[in-house]
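Chain and residue survey
Now for the letters of each chain:
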Amino acid sequence: MSVDRAPFLKWAGGKRRLVPFIAAALGLERFRTTGESLPAPASTGERTKRWRRLIEPFAGSAALGLALAHLFDELWLNDVNADVINVYAVLRDCPEGYLEEARALFAPETNNPETYYRLRDEFNRTRSPRRRAALFLYLNRHGYNGLCRYNNVGEFNVPFGRYKRPYFPEEELRAAAGVLAKTKLTSLDFEEVLGRAGPGDVVYCDPPYVPLSATASFTDYAAGGFGREEQVRLAAAAADAAARGAVVAISNHDTEWTRELYRHAELHFKDVQRSISANGQTRGHVRELLAVYRPADS
């Protein structure tokens with residue numbers, strides 16, 4: 001994937017490197033093993049007939065949508081984290097103003113703990129959508145390992161990351177602004193989003209994963225968490241959407257429990273490198289699965 005097609009947000013568990021695997025499993029088109037962008041469809045008519053809309057109920061950094069936007073007439077990005085959706089909305093509606101305000105936060109004098117915590121406090125107080133969006137990008141790129149985490153009262157609480165020179169993703173932001181021009185943005189429960197999917201829709205779900213151990217769960221990126229009840233509800237909603245004609249895929253850890261949960265889906269497996277640890281030397285590999293629900297007549 002070229003740099004201008006990459007996500008501009010750092011995201012724990014982001015799917016940038018898995019786009020070829022996911023696209024191939026969904027059968028969108030042949031995706032080059034080098035990770036290059038997919039070729040355009042043979043004709044607009046073919047695209048409209050087969051792939052009208054891509055929906056991401058758990059958008060996060062929207063790696064799949066940004067990479068595959070050219071295959072669809074429309075995108076729908078949804079995330080329960082309203083701050084994520086606000087960034088996309090501000091970038092879509094006022095790209096130059098947003099770029100100018102966010103760029104000013106990426107300077108040597110802002111890359112220190114005192115300024116970081118002052119700006120983090122401002123983020124937790126402000127209600128200005130544009131200022132909040134600019135600060136969110138700053139925190140995302142300057143905070144520890146790109147984590148997005150809130151405390152029990154909804155305050156962003158990720159500590160300073162101590163990076164030498166945080167990257168300002170201007171090219172990626174400009175490319176994303178073009179994609180967002182044809183994108184619907186919402187912050188709804190995933191079940192409501194999946195309930196509106198039907199023929200011509202491809203839905204990719206990247207929920208918080210089932211933990212591999214008692215200390216391995218990172219489900220507090222938004223208030224409320226994401227437990228087994230939500231995992232079961234998601235699988236049922238995916239099956240219902242497929243029955244109405246949508247193609248739905250869900251990523252998760254490969255465990256006995258998830259294999260049983262997705263027993264009625266088509267399963268694909270991939271070994272991936274864990275990306276939470278700040279020390280690359282200690283990052284291990286885990287096995288993920290991709291459960292694909294297809295319409296009965298596909």
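What counts and how
- Residues numbered from 1 in each chain as written.
- Predicted model: local features only at pLDDT ≥ 70, side-chain atom pairs only at ≥ 80, totals over all residues.
- Heavy atoms only, no water.
- Salt bridge = Lys/Arg side-chain N within 4 Å of Asp/Glu carboxyl O.
- Helix = DSSP H or I, 4+ residues; strand = E, 2+ residues; numbered from the N terminus.
- Buried < 20%, exposed > 50% of the residue type's maximum accessible area, 1.4 Å probe, protein only.
- Pairing = 2+ DSSP bridges.
- Axes fitted to C-alpha atoms, helices over the stretch in contact; angles between N-to-C directions.
- Contact = heavy atoms within 4.5 Å.
- Core = buried A, V, L, I, M, F, W, Y, C linked by side-chain atoms within 4.5 Å.
- Arc of directions from axis to C-beta.
- Right-handed = clockwise from strand over helix to strand, strands pointing away.
- Parallel < 35°, antiparallel > 145°, perpendicular 65-115°, else oblique.
- Nonpolar A, V, L, I, M, F, W, Y, C, P; charged D, E, K, R; others polar.
- Phe/Tyr/Trp six-rings, centres within 6.5 Å; stacked < 30°, edge-to-face > 60°.
- Lys NZ or Arg CZ within 6 Å of the ring centre and 35° of its normal.
- Polar contact = N/O pair within 3.5 Å; in protein donor to acceptor, adjacent residues only side chain to side chain.
- pLDDT = per-residue confidence, 0-100.

What follows is about the pattern of salt bridges. Inspection of the entire model under this criterion finds 20 salt bridges. Of the charged contacts in the structure, one is a salt bridge between Glu-74 and Arg-52, with a shortest N-O distance of 3.8 Å. With Glu-74 in strand E2 (residues 74-78) and Arg-52 in the loop between helix H2 (44-50) and strand E1 (53-56), the pair connects residues that are 22 residues apart, well separated along the chain. Look at Glu-74 and you get partly exposed, because its relative accessible area is 34%. Arg-196 is the partner of Glu-192 in a salt bridge, and the nearest nitrogen-oxygen pair spans 2.6 Å.

A few words on the sheet that holds strand E4 (residues 201-205). Adjacent strands of a sheet form backbone hydrogen bonds with each other and so pair up, either parallel or antiparallel. Spatially, the seven strands line up as an open sheet ordered E3-E2-E1-E4-E5-E7-E6, and their pairing is mixed. With partners counted over all chains shown, the strands left at the sheet margins are strand E3 (183-186) and strand E6 (266-273), one partner each. Sheet twist, expressed as the average angle between the axes of neighbouring strands with direction ignored, equals 15°. Sheet strands touched by helix H10 (residues 228-243): E4, strand E5 (247-253) and strand E7 (285-293). Its angle to E5, the strand with the most contacts, is close to 155°.

Further remarks concern the nonpolar core. Side chains that are nonpolar tend, in soluble globular proteins, to be buried together. Within the largest apolar cluster, 67 residues are counted, with the highest numbers of intra-cluster contacts made by Tyr-88 and Tyr-98. Listed in part, the 25 residues of the second largest apolar core include Ile-55, Val-193, Ala-237 and Ala-291.

Within the fold, Pro-211 resides in the loop between E4 and H10. In this structure the C-alpha to C-alpha distance between Pro-211 and Thr-255, which are 44 residues apart in sequence, comes to 9.3 Å.

Here the focus is the side chain of Thr-186. On the secondary structure map, Thr-186 appears in strand E3. Given the relative accessible area of 13%, Thr-186 is considered buried. Here Thr-186 is in contact with Trp-76, Leu-77, Asn-78, Asp-79 and Ile-85, once residues within four sequence places are set aside.

This paragraph deals with helix H8 (residues 170-180). An α-helical segment advances 3.6 residues per turn. Residues three or four places apart therefore align on the same side. Among the residues making up H8, those that are buried are Glu-172, Leu-173, Ala-176, Ala-177, Val-179 and Leu-180. Here the buried residues of H8 occupy an arc of 160° about the axis, which is enough to place them on one side. Buried positions along H8 lie against helix H3 (63-68), E2, helix H4 (82-93), helix H5 (95-103), helix H7 (129-142) and E3.

On to the pairing of E1. A two-sided burial pattern is seen for E1, the buried positions comprising Arg-53 and Ile-55 on one face and Leu-54 and Glu-56 on the other. When E1 meets E2, the two strands line up parallel, connected through four bridges. Across the sheet, Ile-55 pairs through a bridge with Trp-76, a residue of E2. Since E1 and E2 lie parallel, the crossover through H3 that links them has a hand, and here it is right-handed.

At their nearest, the axes of H4 and H7 sit 9 Å apart, and the two run at 110° to each other. Relative to H7, the element H4 lies roughly perpendicular. Residues Asp-83, Val-84, Asn-86, Val-87 and Val-90 of H4 pack against Pro-129, Arg-130, Arg-132, Ala-133 and Phe-136 of H7. Of the residues contributing to the contact of H4 with H7, the split by class is six nonpolar, one polar and three charged.

On to the packing of aromatic side chains. Under the counting rule described, the total for this entry stands at 13 aromatic pairs. Their ring planes at 45° and their centres at 6.1 Å tell us that Phe-123 and Phe-136 sit as a pair that is tilted. Of this pair, Phe-123 sits in helix H6 (residues 113-125) while Phe-136 sits in helix H7, and the two are 13 residues apart along the sequence. Accessibility classification places Phe-123 together with Phe-136 in one group, the buried group. Over the ring of Trp-76 we find Lys-184, and its NZ or CZ is 4.0 Å from the ring centre.

What follows deals with the side chain of Asn-111. Counting through the fold element by element, Asn-111 comes out in the loop between H5 and H6. In this structure the side chain of Asn-111 is engaged in a polar contact, spanning 2.7 Å, whose partner is the backbone oxygen of Tyr-163. When near neighbours in sequence (up to four residues on either side) are disregarded, Asn-111 contacts His-142, Phe-160, Tyr-163, Lys-164, Arg-165 and Pro-166.

Across the protein chain, pLDDT averages 88, with 84% of residues at or above 70. Scored below 50 in pLDDT, residues 30-49 makes 34 contacts in the model with residues more than four places away or belonging to other chains. Confidence drops under pLDDT 50 across residues 276-282; counting only partners more than four residues distant or on other chains, this segment forms ten contacts.

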